[in-house]
Amino acid sequence: TDGKWTAEQKRIIDAAAKWVRAKLERESSGHDWWHIERVVRTVRTIAQAERADSFVCELAALLHDMADEKLNDDPKAAEQELEQWLANCGVSEADAVHILEIIGTMSFKGGARPPMRTTEGKVVQDADRLDAIGAVGISRVFAYSGAKGRPIHDPELPPRQNMTQEDYRGGRDTAINHFYEKLLKLKDLMNTSMGKELAAERHRFMETYLEQFYAEWDGRK
Ligand code: ADP
Ligand code: NI
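Since the structure is predicted, the reported quantities are computational estimates derived from the model, not experimental observations.

**Thoughts on the domain arrangement of the protein chain**
- Assigned domains within the protein chain: domain 1 (1–110) and domain 2 (132–221).
- Relative placement of domain 1 and domain 2: their C-alpha centres are 27 Å apart.
- There are zero salt bridges connecting domain 1 and domain 2.
- The interface formed by domain 1 and domain 2 contains zero residue pairs in polar contact (both at pLDDT 80 or more).
- Among the residues making up the side of domain 1 that touches domain 2, the classes are represented as three nonpolar, five polar and three charged.

Now the structure itself:
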């Protein structure tokens, strides 16, 4: 299913990159253009290993945050705009439906989700999740927490699993807590074998980071 892209496919990918970059250039919520660029690069690596349709994977990766509720006051309208864009751009009906399905089902939000149906969906979801862990993932947590005005860490907070909704509503969430809430869980949610491999290394890096963090916090190192 892989192979050289047609001139038409190249034109579509270029147009998508231009559209997405213009929209996300000034974004600072962690969904900035460079997040997209990293996901695209990782998608290329995984798609090749999985023999997935690289055009669908790359286009879905480029567009995956365009209708995100965090970036749009009106996500429904953004989704319609995305559908329109795909149609206007000459993406086939089948590819457009596939890409919209991937984008609509890949987010972690809401916890347990049905598994991605297609190989291409698995690839793109893995690449997006990989950008939330490892050295880059750590950077994004602190950037996000800082933007929300949250503390780095609070050793007096109850352990993560004992936190109640009230603790969150009271604004007691911290950057370090987000590791336990999400980042350390992602490794076991990877779909593809290449994704698992990459996640294992990034996961180890986060564990090392946390050990060092607590040692420094306690003045032990
Ligand atoms: P995505 O839409 O890419 O699945 P999110 O929108 O949930 O992910 O998060 C974007 C980035 O912000 C990720 O790197 C994530 O780890 C970080 N982030 C999300 N929620 C929090 C939080 N409560 N505290 C710290 N970082 C967060
Ligand atoms: Ni993303």
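**Structural notes on unusual backbone geometry**
- Backbone geometry places Arg51, a non-glycine residue, at a positive phi of 50°.
- Here Arg51 lies in the loop between helix H2 (33–50) and helix H3 (54–63).
- Residue Arg51 is classed as exposed on the basis of its relative accessible area, which comes to 66%.

**Regarding the site of ligand 1**
- Around ligand 1 there are 14 residues in total, and His31, Lys70, Tyr144, Arg150 and His178 lie nearest to it.
- Within the side chain of Arg150, one N or O atom sits 2.9 Å away from a nitrogen atom of ligand 1.
- Within the contact set of ligand 1, an oxygen atom lies 3.3 Å away from a side-chain nitrogen or oxygen of Lys182.
- Here ligand 1 has 550 Å² of accessible area as a free molecule, and 91% of this is covered by the chains.
- Per-element accounting of the shell around ligand 1 gives the leading share, four residues, to helix H7 (residues 134–147).
- Residue-level mapping places the shell around ligand 1 at the junction of two domains, with at least three residues from each of domain 1 (1–110) and domain 2 (132–221).

**A closer look at the coordination of the nickel ion (ligand 2)**
- Here the nickel ion (ligand 2) is held by His35 (NE2), His64 (NE2) and Asp128 (OD), and the distances to it run 2.1 to 2.2 Å.
- Written as a sequence motif, the donor residues of the nickel ion (ligand 2) are H-x28-H-x63-D. With His35 in helix H2 and Asp128 in helix H6 (residues 119–130), the pair connects residues that are 93 residues apart, well separated along the chain. We note that His35, like Asp128, is buried.

Rules used in this analysis
Residues numbered from 1 in each chain as written. Chains lettered and ligands numbered in written order. Predicted model: local features only at pLDDT ≥ 70, side-chain atom pairs only at ≥ 80, totals over all residues. Heavy atoms only, no water. Domains from an automatic or database assignment. Salt bridge = Lys/Arg side-chain N within 4 Å of Asp/Glu carboxyl O. Polar contact = N/O pair within 3.5 Å; in protein donor to acceptor, adjacent residues only side chain to side chain. Nonpolar A, V, L, I, M, F, W, Y, C, P; charged D, E, K, R; others polar. Helix = DSSP H or I, 4+ residues; strand = E, 2+ residues; numbered from the N terminus. Buried < 20%, exposed > 50% of the residue type's maximum accessible area, 1.4 Å probe, protein only. Near = heavy atom within 4 Å. Areas by Shrake-Rupley, 256 points an atom, 1.4 Å probe, with all protein chains shown as cover. Donors = N, O, S within 2.8 Å, 3.2 Å for Na, K, Ca; no water.

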